[in-house]
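A look at the structure
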Amino acid sequence: MEPIADDLVRAWPPFGVRITCGPLEMRALRDGDFSEVFAVLREGVHAPERRVFYVPWTDSTGVQLEREFAQFHWRQRAEMSPERWALELGVWHEGSFVGMQGVSTSDFPVTRTGETGSWLGRRFHGRGIGTLMRQALCVACFDHLGFEEVTSGAFSDNPESLGVSRKVGYVRDGESRLVRDGAVATNVRLVLTPDALVRPSYAVEVEGAAAFLDLVGAGQARAT
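So, a few notes on the structure that sits alongside this text. Since the structure is predicted, the reported quantities are computational estimates derived from the model, not experimental observations. (Residues numbered from 1 in each chain as written. Predicted model: local features only at pLDDT ≥ 70, side-chain atom pairs only at ≥ 80, totals over all residues. Heavy atoms only, no water.)

Okay, the overall build of the chain next. In terms of helices and strands, the chain carries 7 helices and 9 strands. In the chain, which comprises 224 residues, the proportion classed as buried is 50%. For the chain, the computed accessible surface area is about 11,000 Å², with 50% contributed by carbon and sulfur atoms. (Helix = DSSP H or I, 4+ residues; strand = E, 2+ residues; numbered from the N terminus. Buried < 20%, exposed > 50% of the residue type's maximum accessible area, 1.4 Å probe, protein only. Areas by Shrake-Rupley, 256 points an atom, 1.4 Å probe, with all protein chains shown as cover.)

Structure follows, in structure tokens:
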């Protein structure tokens, strides 16, 4: 894997983080990637009649959805700090952008935990991509970023997400009652530890972890 090296990476180490796993490449988005992302967003990430995420994806369309997506990622960059950070990675499968996979955390040097989250363009569902990209990120979290556990959550009527979590090795960790569209909805909490992780059949290579951890004040990575 050739290293990503330029002045922008030196100034902003998240741009140097890259994970490869078989047909997948995962890396932080640059603004030049947004047009490719927007093309996938326009096709939708779930059926319009469903509300499978806490964020109401289908309430915004067209340029409004694209603007909100860009604002979210610019905000994540601006607010990154040792106290609270998120690593949001674009996912390319066989060279085509397919979705996003990330992990967010607070007080990481003490807690060593964070929550994974992802979305996948509708036409890429059902091909095992969602499982592989979650596995790859969890390997990076445990082997390179110093996590001792990762968590996730999904509404009880989102069997696809719950199925991916189960395949990766997460176990149920209780439930929460949340408001969704003005009504109560059950959110299933999940937790994964290194020993329970179901690793992918492909090797996972991670680049740029040490510089990223230095940026967020979490010390040296376990491996580079």
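Moving on, we get to the nonpolar core. With 60 residues, the main nonpolar core has Ile-19, Phe-69, Phe-147 and Phe-212 as its most contacted residues. When residues of this core are assigned to their parent elements, the largest contribution, 10 residues, is made by helix α5 (residues 129–143). If we ignore the near neighbours within four places in the chain, the residues touching Phe-69 are Leu-29, Phe-34, Val-37, Phe-38, Leu-41, Met-100 and Trp-119. (Core = buried A, V, L, I, M, F, W, Y, C linked by side-chain atoms within 4.5 Å. Contact = heavy atoms within 4.5 Å.)

Side chains three or four residues apart in an α-helix point the same way, a direct result of the helix having 3.6 residues per turn. Listed in full, the buried residues belonging to helix α2 (residues 34–43) are Phe-34, Val-37, Phe-38, Val-40 and Leu-41. Taken end-on, α2 shows its buried residues confined to a sector of 165°, consistent with a single buried face. Among the exposed residues of α2, those oriented more than 90 degrees off its buried face are Ser-35 and Arg-42. At its buried positions, α2 is contacted by α3 (62–79), β4 (96–106) and β5 (113–120). The positive-phi residue at the C-terminal boundary of α2 is Gly-44, with phi of around 95°. (Arc of directions from axis to C-beta.)

Attention now goes to the environment of Ser-152. By the element assignment, Ser-152 lies in strand β6 (residues 149–155). Looking at Ser-152, the relative accessible area reads 8%, which means it is buried. Distance from Ser-152 to Thr-116, taken between C-alpha atoms, is 5.4 Å for residues 36 residues apart in sequence.

Here we take up the environment of Asp-107. One can find Asp-107 in the loop between β4 and α4 (108–111). For Asp-107, a relative accessible area of 44% puts it in the partly exposed group. Along the chain, Asp-107 and Ala-218 lie 111 residues apart, while their C-alpha atoms are 9.5 Å from each other.

A word on the side chain of Asn-187. Here Asn-187 lies in strand β8 (residues 183–192). You can call Asn-187 buried: its relative accessible area is 15%. Leaving out residues up to four positions away in the same chain, Asn-187 has contacts with Gly-153, Ala-154, Phe-155, Gly-174, Glu-175, Ser-176 and Leu-178.

Looking now at unusual backbone geometry. In this model, Asp-107 sits at a positive phi of 50°, which is unusual for a non-glycine residue. Of note in the backbone geometry, Arg-112 takes a positive phi value of approximately 50° without being a glycine. With respect to the secondary-structure elements, Arg-112 resides in the loop between α4 and β5.

So, on to the pattern of salt bridges. Where charged atoms of side chains with opposite charge meet at close range, the side chains can pair. Counted under the stated rule, the structure contains 12 salt bridges. For the salt bridge of Arg-18 with Glu-207, the shortest nitrogen-to-oxygen distance reads 3.4 Å. Remark: Glu-207 occurs in strand β9 (residues 204–207) and Arg-18 occurs in strand β1 (residues 18–21); sequence separation between them is 189 residues. Among the residues examined, Arg-18 registers a relative accessible area of 13% and is labelled buried. A salt bridge links Arg-27 to Glu-25; its shortest N-O distance comes to 3.9 Å. Glu-25 gets classed as partly exposed once you look at its relative accessible area, which sits at 26%. Through salt bridges with shared partners, one network takes in Arg-18, Glu-25, Arg-27, Asp-33 and Glu-207. (Salt bridge = Lys/Arg side-chain N within 4 Å of Asp/Glu carboxyl O.)

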